[in-house]
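Observations on chain architecture
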Amino acid sequence: MKEIKAIIRPFKIEEVKAALSELGIQGMTTVDVKGFGRQKGHTEIYRGSEYTVDFVPKIMAIVVVEDTLVDKTVAAIVKSAKTDSFGDGKIFVSPIEEAVRIRTGEQGEAAI
Amino acid sequence: MALLAFGSVRMASAQTPAAPSPAPAATATPAPQQPDSEAYPPGANAGTATDLTWPVPADSTSINPDGKGKVTNDELIQNAAHNKVSINLVWTLVTGFLVMFMQAGFALVETGLCRAKSAAHVMATNFMIYGLGMLGFWICGFAFMFGNYANGPAAIGWQPSLGQGLLLLNQGWTVTIAGHPFGLIGLKGFFLSPSVFDTAIFSLFLFEMVFMDTTATIPTGCMAERWDFRNFIIYGFWVGMIPYAIYGNWVWGGGWLAQLGQNFGLGHGAVDFAGSGVVHMCGGVIAAAGGLCIGPRIGKYGPDGKPRPIPGHDIPMVMLGTFILAFGWFGFNPGSTLAGTDNRIAIIAVNTMLAGAAASVGTLFTMYLVTGKPDPSMLCNGLLAGLVAITAPCAFVNSAGAVILGFIAGVIVVFSVFFVERTLKIDDCVGAMSVHGTCGAWGVLSVGLFANGSYGQGWGGVHKLFKDGAWTIINNDGAAATLKKYADMTGTGATGGWTDVGVTGIFGKLFGAPAGDFSQLGAQCVDVCTCAIAVFAMAFVWFKLSNLIFPIRSKREDELAGLDMPEMGVEAYPDFHITDKSSPPAA
């Protein structure tokens, strides 16, 4: 099992969700996040004071998938979240040791 | 404020008996009243002679010697006079209610421009200033301000619009310097005691009380998010009792600024129709003193001294509040006639809305040129800047004057906000010093620039008569000879033909006055300087002294945590996770 964290533009979440549903992925968790990358935000003026908007709003979508689905999932996210502009986001993949479905107690891949 | 304003000889003569031939309505036997629903047009039966008559028995001559169904001349005059005063009372009260609603506008604007972590605290200062200030005004503020109202300089033939009861306000402290009287303070009406128990005075109290609360709530925006609530409480009483009342007495209560015209020939004395100076600049100056004493919010200025933004947490709240204020201003300015029977209210209302609109457009353009983006909070400051600026001249200018001075206010306010933020380095969370202080001063001065002489004849007891390029000034000293001279010159006789010109600015001729008047601007300058110096001194001393009773500044750890929980015991938004991302680093 692998966990895939995709930090994407907020308005792309519906397209990403649809793309993953097509793959048969049944669950997803999202978190509203703010952050910055190489672009380091942009400069604005508020009531006469200049400031840099460092933290840009993003959505982090978290899915856990079987190992065999990882490549397809990542490809689907890249395809659906891409705008070709700076700030499209990033995807991180990491291993998951265990998963448990709380209602039934099922474990492992049966629980995801 | 049409305190000592308009009026003419004709108004004075209205008290003499009416023409000998009775009006038809007075002698005709009233038609039997029909329900209005049977008459056309609807309401045609309302307000007939029947409404004035008592149900007197046919054979009675004791109450009405003319018998049943007759309306005497005296009754007619009394009813007309009563109606006039009643209309004025209703107008003053209802516009006062509108101004009271501005408290809600101030609360929303100031809270929206502060951070969520102190929202309940900022809201509470705006809430409690209503009660604290009102009690202070009831205790002595009203007496200081208006206790000597009846002895102020007034136009020939002036009548108190709310009824003769206003003449009860007749005690104050006046010093005489070099033969000139200087009214310093009023001294009647403490606690609205039985000596002033009168409908005219109570209605004046309500109207002036809500004005005082406007002044009082301006500094709470400038000093928000770091003002210890206990220090704020004693401030609330003080501001209702002392600074607004004393400065207000000088301008509106018949004091020495209002007497500048009679004493020194400076126009009509200081002219401030609805309080660009008395209310707004006064509040802005108190805010400046408070902002200076309390210091900036933690993190507002970096180690390099550069200002950092602390964005407000709810811009829609700010804009809603601004609209509420703009709505309330229709009470603020037109209500300051204290007379619904003064038809000038139509011009005042239109000037008010035009100046506010022009200012918001002025700010819009300025922001596009200066920063490239029209920050909505600055647009709100812009609309309010125009409304503040038109407050003093609203009755004296035409629509072109209103648009010009409003637009200029919208430009000034932007640079004033930047100046306070970058140069003065006073952390004014909401722009109160710029909106109310700077543009308040601009409003007072603009009377001396744009007033077109069409209103305010005899204001400050000074009649400026104009004929064939020459001026004659008649100061109303109440003497019969003065009255006769005035009546002759304004009459149609051999010595007559003079025009009584109202308040006029130096550009008045461009807007329709027969000639410009430089002396009026002199009085306005004295007014602005007096406000800046006297009110600032009073406020600075107060904040330094009150700091010894309760420290003015909240504790550092409380300020960092947000004042809601430490000082108020409740959060504004407990169901939301409040992040502190909008706060700059504390170092």
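Residues numbered from 1 in each chain as written. Chains lettered and ligands numbered in written order. Predicted model: local features only at pLDDT ≥ 70, side-chain atom pairs only at ≥ 80, totals over all residues.

Here's the deal with the overall build of chain A
Selection criterion: Numbered from the N terminus, helices here are DSSP runs of H or I no shorter than four residues, and strands are runs of E no shorter than two. The size measure is the radius of gyration over C-alpha atoms, and the globule rule it meets is 2.2 Å times the number of residues to the 0.38 power. Counting other C-beta atoms within 10 Å of a residue's C-beta gives its exposure: the residue is buried at 20 or more, exposed at 12 or fewer, and partly exposed in between, where C-beta atoms are placed from the backbone. We call two residues in contact when the distance between their C-beta atoms, placed using the backbone, is within 7 Å.
Summing up its helical and strand segments, chain A has two helices and six strands in all. Helices (α) and strands (β) of chain A occur, in sequence order from the N terminus, as β-α-β-β-β-β-α-β. Against the 2.2 N^0.38 benchmark of 13 Å for 112 residues, chain A shows a C-alpha radius of gyration of 17 Å, more extended than a compact globule. Referenced to the eigenvectors of the C-alpha coordinate spread, the extents of chain A come out at roughly 60 × 25 × 20 Å. Counting the 112 residues in chain A, one finds 19% classified as buried. Residue pairs at least 24 apart in sequence account for 71% of intrachain contacts in chain A once pairs closer than 6 positions are excluded.

A word on the pairing of strand E5 (residues 56-65) of chain A
Residue and element names in this part refer to chain A. Short version of the rule: Being paired, for any two strands, means DSSP has found at least two bridges between them.
Pairing analysis gives seven bridges linking strand E1 (residues 2-8) to E5, with the strands arranged antiparallel. Looking at E5, one finds that Lys5 is bridged to Ile62. Relative to E5, strand E2 (residues 29-35) is paired through seven bridges, and the arrangement is antiparallel. The partner of Thr30 across the bridge, within E5, is Ala61.

Re the sheet that holds strand E4 (residues 470-475) of chain B
Residues and elements named next belong to chain B. Selection criterion: Every angle, taken between N-to-C directions, lies between 0 and 180 degrees, and every axis is a line fitted to C-alpha atoms, over only the stretch in contact when it is a helix.
Reading across the sheet, the three strands line up as E4-E3-E5 and stay open at both edges, with antiparallel pairing between neighbours. Looking at which strands have only one partner, the edges of the open sheet turn out to be E4 and strand E5 (499-501). The average angle at which neighbouring strand axes cross in this sheet is 35 degrees, direction not considered. Its contacts with the sheet put helix H15 (residues 480-490) on strand E3 (462-467), E4 and E5, and the angle it makes with E4 is roughly 150 degrees.

A few points about the packing of helix H3 (residues 73-112) of chain B against helix H10 (residues 315-332) of chain B
All names here are of chain B. Keep this limit in mind: In what follows, roughly perpendicular refers to angles from 65 to 115 degrees, roughly parallel to angles under 35, roughly antiparallel to angles over 145, and oblique to any angle outside these ranges. In this scheme the handedness of a crossing depends on how the near helix is turned from the far one: anticlockwise by less than a right angle means left-handed, clockwise means right-handed. In this count, Pro and Cys sit with the nonpolar residues alongside Ala, Val, Leu, Ile, Met, Phe, Trp and Tyr, while Asp, Glu, Lys and Arg are called charged and the others, Gly among them, polar.
Interaxial distance between H3 and H10 falls to 7 Å at its minimum, and their mutual angle equals 160 degrees. In this view, H3 runs roughly antiparallel relative to H10, as classed from their interaxial angle. The element H3 and its partner H10 pack so that their crossing is left-handed. Tallied by class, residues from the contact of H3 with H10 come to 17 nonpolar, nine polar and no charged.

Quick word on the sheet that holds strand E6 (residues 89-95) of chain A
Residues and elements named next belong to chain A. Across the sheet, four strands lie side by side as E2-E5-E1-E6; this open sheet has antiparallel pairing. This sheet does not close on itself; its edge strands, each paired only once, are E2 and E6. Across the sheet, the mean angle from the axis of one strand to that of its neighbour is 20 degrees, orientation sign disregarded. In terms of strand pairing, E1 meets E6 through seven bridges, oriented antiparallel. Among the inter-strand pairings, Ile4 is bridged to a residue of E6, identified as Val93. Here helix H1 (residues 13-22) sits on the sheet and contacts E1, E2 and E5; the angle it forms with E5, its principal contact strand, is near 10 degrees.

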